[in-house]
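One-letter residues, chain by chain:
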Amino acid sequence: MTRTVLESKTKTVIIGFDEPFCVIGERINPTGRKKLAAELEAGNFETVIRDALEQVACGATVLDVNSGAVFTNKMAEDPRYADNNFVEPPLMRALIEIVQQTVDVPLCIDSSVPAALEAGLAACEGRPLLNSVTGEEDRLELVLPLVKKYNVPVVAISNDDTGISPDPDVRFAVAKKIVERAADFGIPAHDIVVDPLVMPVGAMSSAGQQVFALVRRLREELGVNTTCGASNISFGLPHRHGINGAFLPMAIGAGMTSAIMNPVRQQEMEAIRAANFLMDHDANGGEWIRFAKVLEAVDGGMTFAEASAAASQAAGGRRGGRRGRA
């Protein structure tokens, strides 16, 4: 049974076919978040700290850390800031250090800049997930040696030099190519987490069916774990959380084992908790029963984030800081 092992300083998270669905919190990402980008440019990490605490309280067991910030003001003063190769490595290092000081969960190091990936790997405690490698030849030659050097798992995105194909068979072929090339570097299939690329259902009516079929093939034919940007399925549509909340348990039923998503959304997290129970990945429904108390607090007037934080603090007090699996 395929098991992808991630570690923080004291906790282990396993992504696997027989494991609870792994929620990778997406919010530490300045892309499209002007306020966060401006804070990072000023050396202010308050939102990063708040997002880290909130996402873990709401159920993320891994946090994605993305360093893709644009420092507009500094760029006007120093042309080097127009180059992501200059901006991202020190920013990634700082983000990893701040997040590790704030929460103790495994991290997913997310950048398109290889030097930023390596900076994150050097700063990271434990065994993070590297995000990401594609089927493009130059990307394979840059990223796979880092994966081997640091002995970490990697997200493999199913696009290559030709772009993102609307044909699911082509996307499967790209994933297979990445798994085979990784094997040439001595990287086992259980350390490859494939993102088959979820298309927006508003633009392609068969997008959901495509990804469910792809996930099954990836599991049965390549034996790899899978992930996705869950909100892509609802892009451009109204009431996106309803679509996301339906998509996630269907993807889990098809065999998907993780997603990069916003865990602060109650509807999506409720769907995942219920799916874990129905898939027999929640022994005796213990997690569902604990989650139900959060929902009761929400019904009583608390926000989902507030109720989750209160439940997390109470559980932490009862556990007395024991180490173990997240």
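Residues numbered from 1 in each chain as written. Predicted model: local features only at pLDDT ≥ 70, side-chain atom pairs only at ≥ 80, totals over all residues. Heavy atoms only, no water.

> I'm lost on the packing of helix α9 (residues 240-254) against helix α10 (residues 266-278) in this one. Help?
Helices that pack against each other are described as a pair by the angle of their axes relative to one another and the distance between those axes. α10 packs onto α9 with a crossing angle of 20 degrees between their chain directions and a minimal axis gap of 8 Å. It follows from the interaxial angle that α9 and α10 lie roughly parallel. Once α9 is placed against α10, the crossing between them reads as right-handed. Contacts between α9 and α10 involve H241, G242, N244, G245, L248, P249 and I252 from the former and Q267, E268, A271, I272 and A275 from the latter. Grouping the constituent residues of the contact of α9 with α10 by class yields six nonpolar, five polar and one charged. (Axes fitted to C-alpha atoms, helices over the stretch in contact; angles between N-to-C directions. Helix = DSSP H or I, 4+ residues; strand = E, 2+ residues; numbered from the N terminus. Parallel < 35°, antiparallel > 145°, perpendicular 65-115°, else oblique. Left-handed = near helix turned anticlockwise from the far one by under 90°. Contact = heavy atoms within 4.5 Å. Nonpolar A, V, L, I, M, F, W, Y, C, P; charged D, E, K, R; others polar.)

> Sorry, what's going on with the pairing of strand β4 (residues 62-66) here?
Side-chain direction in a regular strand flips from residue to residue, so the side chains alternate between the two faces of the sheet. For β4, the buried fraction is high: five of the five residues fall into the buried class. The alternating pattern of β4 places V62, D64 and N66 on one face and L63 and V65 on the opposite face, and all of these are buried. Bridge count for strand β3 (residues 22-28) against β4 is three bridges, and the pairing is parallel. Each residue of the ladder has a partner; that of I28, found in β4, is V65. Inspection of the sheet shows β4 paired to strand β5 (residues 107-110) by four bridges, in the parallel sense. When the bridges of β5 are listed, V65 appears paired with I109. (Buried < 20%, exposed > 50% of the residue type's maximum accessible area, 1.4 Å probe, protein only. Pairing = 2+ DSSP bridges.)

> Where do I start with the environment of N244 in this structure?
Considering the arrangement of structural elements, one finds N244 in helix α9. Counting along the chain gives 196 residues from N244 to V48, while the straight-line C-alpha distance between them is 24 Å. When neighbours within four sequence positions are excluded, N244 is seen to be in contact with A230, S231, I233, S234 and E268. At 3.2 Å, the side chain of N244 forms a polar contact with the side chain of E268. (Polar contact = N/O pair within 3.5 Å; in protein donor to acceptor, adjacent residues only side chain to side chain.)

> Is there a simple way to explain the packing of aromatic side chains in this structure?
For any two aromatic rings, the description comes down to two numbers: the centre-to-centre distance and the angle of the planes. Evaluation of the coordinates by the stated rule reveals five aromatic pairs. Measuring from ring centre to ring centre gives 6.3 Å for F71 and Y81, while their planes differ by 40 degrees; the resulting arrangement is tilted. Remark: Y81 occurs in the loop between α3 (72-77) and α4 (84-102) and F71 occurs in the loop between β4 and α3; sequence separation between them is ten residues. Given a relative accessible area of 6%, F71 falls into the buried group. The partly exposed category is assigned to Y81, whose relative accessible area is 22%. An angle of 70 degrees between the planes, with centres 6.0 Å apart, marks the rings of F291 and F304 as edge-to-face. (Phe/Tyr/Trp six-rings, centres within 6.5 Å; stacked < 30°, edge-to-face > 60°.)

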